[in-house]
Amino acid sequence: MKDIERLKEEISKLKEQRNAIILAHNYQRDEVQEIADFTGDSLELSRTASTIDCDVIVFCGVNFMAESASILSPEKTVLLPESGACCPMADMITVSGARNIQTHFPGYKFTDGYTYPANFTLRDIKEKHPGIPVVTYVNTTADVKAESDICCTSANGVKVVESLDSDKVICVPDRNLAMWIARNTKKKIISWDGFCHVHDRVRRDDVLKAKEEHPEALVIAHPECRIEVLEIADHVTSTSGMLRFARASDAKEFIIGTEIGLLYRLRKENPDKVFHPLRRDMVCPNMKRTTLKSVLRSLETMTNVIKVPEEIRIPAKKALDRMLEIR
Ligand code: 13P
Ligand code: SF4
């Protein structure tokens, strides 16, 4: 306990010396969320990174998030405390080379029914559908964003697609988010077959079982979950959307269909309400890599710096800016 307090104190001192701001995603460890200046979903953190006044951003999240911060604020030093904190879904699509999904899921075989073979790339899909706009989920690498027309997050996917002047839209890389968007728009969605291994593991039966155990509770699910889950959820939204929904709802009990890190804020902000995880194993190991020790180390040594080369940053920024303009 003493150790934690000492770490927090050292982080706070160094933060001041470096004129640094700590941003933390809603899935971070409780103690990391506690020391953050801002905690939020991907959209909120992108907006904060683009407007905040500081010299250094310590991004407690995964690499694509720190990349987005660096794309939006190239004049700032962006630090990702744990260099290995990645998003396996982001690695499921590349601009041109073979996909490196096997790094995270050795031996993974794509199930039947998906549109594209495993060696398909963003350039291939664009060639196959010339002139069709590409909407890229922020959970992608900077070079994929750079080849896209516009980005989206789980909070604004439908709005982004609706904003485009085209009846057909390509949505990459999350097949579940794409399917959810397709359910909520009249446009034809051409999807990819990527997925988040934390959300995709949940099945309809898990929801039915949780509802049986907690019959009074409302089910809130993240759009990275399968459509069979989303169809029977009471509400579908991003992580910060879940916080808003729980706050505003008259219900007293909720089943939460996203990474369990969100429970920290849900419980803290709603002490009179009860929250159950939809599945206890909804844990993103990459989000949990960051610890107080790694935050301190990154501020001490000013590592691991995330910097995107200008030839990628400029077109990637265009896609992110276009998204951020949509309210
Ligand atoms: P949001 O916080 O934008 O809902 O994203 C969830 C996620 O999986 C980020 O990696
Ligand atoms: Fe990627 Fe899923 Fe982890 Fe989010 S929760 S960082 S989408 S693996």
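Within every chain, residues take consecutive numbers counted from 1 along the sequence as written. As they are written, the chains are lettered A onward and the ligands numbered 1 onward, keeping that order. Owing to the predicted nature of the model, reporting of local features is limited to residues with pLDDT of at least 70; listing and counting of side-chain atom pairs is limited to 80 or more, with chain, interface and lining totals taken over all residues. Computation of side-chain values covers all heavy atoms of the structure but excludes hydrogens and water.

### As for the packing of aromatic side chains
Pairing of aromatic side chains requires ring centres within 6.5 Å, counting the rings of Phe and Tyr and the six-membered ring of Trp. Pairs whose planes differ by under 30 degrees are stacked, by over 60 edge-to-face, and all others tilted. By the definition in use, this model includes two aromatic pairs. When the ring of Phe 245 is compared with that of Phe 254, the centres are 6.5 Å apart and the planes differ by 80°; the resulting orientation is edge-to-face. Ring centres of Phe 254 and Phe 275 lie 5.3 Å apart, and the angle between their planes is 15°; this geometry places the pair in the stacked category. Here Phe 275 lies in strand β12 (residues 274–277) and Phe 254 lies in strand β11 (residues 253–257), a separation of 21 residues in the sequence. Three or more aromatic residues joined by ring pairs make a cluster, and in this case those are Phe 245, Phe 254 and Phe 275. Secondary structure elements are taken from DSSP: a helix is a run of H or I of four residues or more, a strand is a run of E of two residues or more, and numbering for both begins at the N terminus.

### With respect to the pattern of salt bridges
As a working rule, side chains carrying opposite charge can pair if their charged atoms are close by. Each reported salt bridge corresponds to a side-chain nitrogen of Lys or Arg within 4 Å of a carboxyl oxygen of Asp or Glu. For the coordinates displayed, the defined rule picks out 22 salt bridges. Of the charged contacts in the structure, one is a salt bridge between Arg 297 and Glu 82, with a shortest N-O distance of 3.4 Å. Placement of Arg 297 in helix α15 (residues 292–301) and of Glu 82 in the loop between β4 (77–79) and α5 (101–104) is noted, with a sequence separation of 215 residues between them. Across the pair Glu 213 and Lys 209 runs a salt bridge whose closest N-O atoms are separated by 3.9 Å.

### Here's the deal with the site of ligand 1
When at least one non-hydrogen atom of a residue lies within 4 Å of a molecule or strand, that residue is treated as near it. The environment of ligand 1 is made up of 13 residues, and the closest members are His 25, Ser 42, Ser 154, His 222 and Thr 239. Any N or O atom pair separated by 3.5 Å or less is treated as a polar contact, with the protein-specific requirement of one donor-capable and one acceptor-capable atom, and with residues adjacent in sequence counted only for side-chain atom pairs. A distance of 2.7 Å separates an oxygen atom of ligand 1 from a polar atom in the side chain of Ser 154. Taking Thr 239, its side chain carries an N or O atom lying 2.7 Å from an oxygen atom of ligand 1. Protein contact buries 97% of the 300 Å² of open area that ligand 1 shows by itself. Residue burial considers only the protein chains on display, and all accessible areas are found by Shrake-Rupley using a 1.4 Å probe.

### What to know about the packing of helix α4 (residues 63–72) against helix α16 (residues 310–324)
The geometry of a pair of packed helices is captured by two quantities: the angle between their axes and the separation between those axes. Fitting a line to C-alpha atoms yields each axis, with helices limited to the stretch in contact; the angle taken between N-to-C directions then spans 0 to 180 degrees. Packing of α4 against α16 brings their axes to within 9 Å, and their N-to-C directions diverge by 95°. Taken together, the axes of α4 and α16 lie roughly perpendicular to each other. Across the interface between the two elements, Ser 68, Ser 70, Ile 71 and Leu 72 of α4 pack against Arg 313, Ala 316, Lys 317, Leu 320, Asp 321 and Leu 324 of α16. Three residue categories are used. Nonpolar comprises Ala, Val, Leu, Ile, Met, Phe, Trp, Tyr, Cys and Pro, charged comprises Asp, Glu, Lys and Arg, and polar comprises the others, including Gly. Classifying every residue of the contact of α4 with α16 gives five nonpolar, two polar and three charged. Throughout this description, any angle smaller than 35 degrees is read as roughly parallel, any larger than 145 degrees as roughly antiparallel, any in the 65 to 115 degree range as roughly perpendicular, and the remainder as oblique. Throughout, a residue-residue contact means that at least one pair of heavy atoms, one from each residue, lies within 4.5 Å.

On their own, these measurements won't tell you what the molecule is for.
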